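# Fold and contact review
Given next are the chains, with one letter for each unit.
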Amino acid sequence: MGLKAGIVGLPNVGKSTLFNAITNSHVEAANYPFATINPNTGVVNVPDHRLDFLSNLFKPVRTIPATVEFYDIAGLVRGASKGEGLGNQFLSHIRECDAIVEVVRCFESNDIIHVEGSVDPIRDIEVINLELVMADLDSVNKRIDRIANKARILKDKDSVFEMNILTPIKEALDNGFPARSVSLSEEQLQFCKVNYHLLTLKPIIYVANVGEDELMDIDSSKNYQAVVEYAKKEHNEVIPVSCEVESELSILDETERKEYMDAIGLNESGLNKVIKATYKLLNLSTFFTVGSDECRAWTFKNGMSAPECAGVIHTDFQRGFICAEVYTYDAIHELGSEAMVKENGKLRREGKEYRPKDGDIMFFRFNV
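Residues numbered from 1 in each chain as written. Predicted model: local features only at pLDDT ≥ 70, side-chain atom pairs only at ≥ 80, totals over all residues. Heavy atoms only, no water.

With that settled, consider the overall build of the chain. Counting its secondary structure elements, the chain contains 15 helices and 12 strands. The buried share of the chain, taken over its 368 residues, is 49%. In the chain, the proportion of contacts linking residues at least 24 apart, taken out of those at least 6 apart, comes to 69%. (Helix = DSSP H or I, 4+ residues; strand = E, 2+ residues; numbered from the N terminus. Buried < 20%, exposed > 50% of the residue type's maximum accessible area, 1.4 Å probe, protein only. Contact = heavy atoms within 4.5 Å.)

The structure is reproduced here in C-alpha cells:
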C-alpha cells in the first residue's frame, strides 16, 4: 500500500544500525553526526506465523508476505526547526512518512560519542519532540495568518472550518504538546492529514536502544524504565532493542540465530517486535489469499470495505466486485483443511458492506 515508517533520532543513537539490521542492508553507520544525509529506504517482510502455517498447508509455488517500508532519516540536532544541522532536510523527509519510529539511546559507552555530551534518554526525546512541535507551530501560524481574517470578518465557510481545526492545534503546540493529542472529528482529522502534513500528527513508537546486558535484565535498566514512564503519559509504545545484538543476529543463518537467541534468553528478536509494532502503528491489518499457486498476505487499512480490499489486489476486482467468499484463519487452523472449513459451514459470502477483519482468508468474485 506504499506506507512508510521513518526511523528518527539524534545522531549516534543506533538509527542506521537498526535500519541495517531490519533491512539486512549495509548503509553507513559511522560514529559521527550526519553519516546519513539522504534517507535510505528498505522494504521488509512482516513476520507472520499464520502465513507460515498456510504455506505449509497449501504447498504453493510461491509465498508472499506483507511488507512495510522503512526510511533511515538523518540524525536531528537541537535547533533543527530553525535549520540547524540538516534540519530542513530532516523535517521534509519525515513529512513523507506515515509513522515515526524514534530510536532513543539508553546504553552507556565511552567509545560512541553523544551529540549532547551525555546519555539522557528523556532529554533526547524532548529535544526531538520539541523540534517537531516547533516546525509544526511555524506551519500552523503561517496558515492561520492567511485565513484568520477571512474566517473572522468575512465568515468564509471554508476558513471557519479550518480555524476550528487550527486553533486547538496551535494551543496544544504552544504548550509543547503534539498535534495528535488534540481531539478532532474524523472529518477534521482527514482534512488535517491531507492538507497540513503535520509532523506531530503522525503516530509514534519509541525504540529504546539498550546494551546486551541490559536486554537480558530489562527491568533493571533505569534508562529504559524512564522511557517507558514517559511514553505512558503519551499512550505510546516502547520496544527495548539492542541494536548491536540485532546487527549480529541479522548476519546469521536461521539455526545460528536461534542458538544465539537461546543463549541470551530471547524468544523473539527485537526487530520482529519493531516491524510488527510499526505495522500496527500504521493501523494496518492482513488478509490472505491461498491456493496451490500462491499464498499471500495482503495489507489493508483497518476499516476498509471488502471492495476496497479487493482493489488492493487489482483495481478490476474492486470495479467489478460481486462478493467475497470468506473464512477465518482460526477456522482453517482448527479444522486443518479448506474442505473441512466448508463442510463445517465456516465459509460465508460477504457483500459490499463487509469490513474485513485481520486474519480473514478471502476469495473475491468479480465481473468487469
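Two elements in contact, helix 1 (residues 15–23) and helix 11 (residues 270–281), have axes separated by 10 Å at closest approach and are oriented at 90°. On the basis of their axis angle, the class for helix 1 and helix 11 is roughly perpendicular. Two secondary-structure elements touch here, helix 1 through Leu18, Ala21 and Ile22 and helix 11 through Leu271, Val274 and Ile275. Partitioned by chemical class, the residues of the contact of helix 1 with helix 11 number six nonpolar, no polar and no charged. (Axes fitted to C-alpha atoms, helices over the stretch in contact; angles between N-to-C directions. Parallel < 35°, antiparallel > 145°, perpendicular 65-115°, else oblique. Nonpolar A, V, L, I, M, F, W, Y, C, P; charged D, E, K, R; others polar.)

Attention shifts here to the sheet that holds strand 2 (residues 40–45). Within the open sheet, the six strands sit side by side as 2-4-1-5-6-7. Their pairing is mixed. At either end of the open sheet lies a strand with only one pairing partner, and these are strand 2 and strand 7 (238–241). With direction set aside, neighbouring strand axes in the sheet form an average angle of 25°. Here strand 6 (residues 204–209) pairs with strand 7 via four bridges, running parallel. Residue pairing in the sheet places tyrosine 206 in a bridge with valine 238 of strand 7. Strand contacts of helix 4 (residues 121–152): strand 5 (99–105) and strand 6, with the helix running at about 145° to strand 5, the strand carrying the most contacts. (Pairing = 2+ DSSP bridges.)

Where helix 5 (residues 157–174) contacts helix 6 (residues 186–195), the axes come no closer than 11 Å and their chain directions differ by 85°. Between helix 5 and helix 6, the crossing angle belongs to the class labelled roughly perpendicular. Touching Phe161, Glu162, Asn164, Ile165 and Ile169 of helix 5 are Glu187, Gln188, Phe191 and Cys192, all from helix 6. Classifying every residue of the contact of helix 5 with helix 6 by side-chain character gives five nonpolar, two polar and two charged.

What follows is about helix 1. Judged by how many residues are buried, helix 1 sits mostly within the fold: eight of nine residues are covered. Considered for burial, the residues of helix 1 that qualify are Lys15, Ser16, Leu18, Phe19, Asn20, Ala21, Ile22 and Thr23. One or two positions beyond helix 1, positive phi appears at asparagine 24, with a value near 55°.

Next up on the list: the confidence of the model for the chain. Model confidence for the chain is summarised by a mean pLDDT of 87, while 90% of its residues fall at 70 or above. In this model residues 25–38 is a low-confidence stretch, pLDDT under 50, and it forms 40 contacts with partners more than four residues away in sequence or in other chains. (pLDDT = per-residue confidence, 0-100.)

Turning our eyes to something else, we now look at the packing of aromatic side chains. Both the distance between ring centres and the angle between the ring planes are used here to describe each pair of aromatic rings. Counted under the stated rule, the structure contains nine aromatic pairs. Measuring from centroid to centroid gives 5.7 Å for phenylalanine 53 and tyrosine 329, while their planes differ by 85°, and the two rings are edge-to-face. Highlighted residues: phenylalanine 53 in helix 2 (residues 49–58) and tyrosine 329 in helix 14 (residues 329–335), separated in sequence by 276 residues. Classification of phenylalanine 53 by relative accessible area gives partly exposed; the value is 24%. Taken together, the ring pairs connect Phe287, Trp298, Phe300, Phe321 and Phe364 into an aromatic cluster. (Phe/Tyr/Trp six-rings, centres within 6.5 Å; stacked < 30°, edge-to-face > 60°.)

Turning our eyes to something else, we now look at the side chain of serine 159. Mapping serine 159 onto the fold places it in helix 5. For serine 159, the residues in contact, after removing those within four places along its chain, are Ile147, Lys150 and Ala151.

The subject of this paragraph is the layout of surface pockets. A probe as big as a water molecule, rolled over the atoms, marks out the empty space that is left. Space inside the largest pocket adds up to approximately 1100 Å³. In this structure, the largest pocket is lined by 36 residues; those nearest its centre are Asn45, Val46, Pro47, Asp48 and Asn272. At the level of elements, helix 1, strand 2, helix 2, helix 9 (243–249), helix 10 (254–264), helix 11 and strand 8 (284–289) are the ones that each hand at least two residues to the lining of the largest pocket. In terms of residue count, helix 11 provides more of the lining of the largest pocket than any other element does, six residues in total. Its residues placed into classes, the lining of the largest pocket shows 14 nonpolar, 11 polar and 11 charged. Approximately 740 Å³ is the volume found for the second largest pocket. The greatest single-element share of the lining of the second largest pocket, amounting to five residues, is contributed by helix 6. Split into classes, the residues belonging to the lining of the second largest pocket amount to 13 nonpolar, six polar and nine charged. (1 Å grid on protein atoms, 1.4 Å probe; cavity = no way out; pocket = protein on both sides within 12 Å on 5 of 7 lines; lining within 4 Å. Points joined across faces, edges and corners; volume = space filled by probe spheres on them.)

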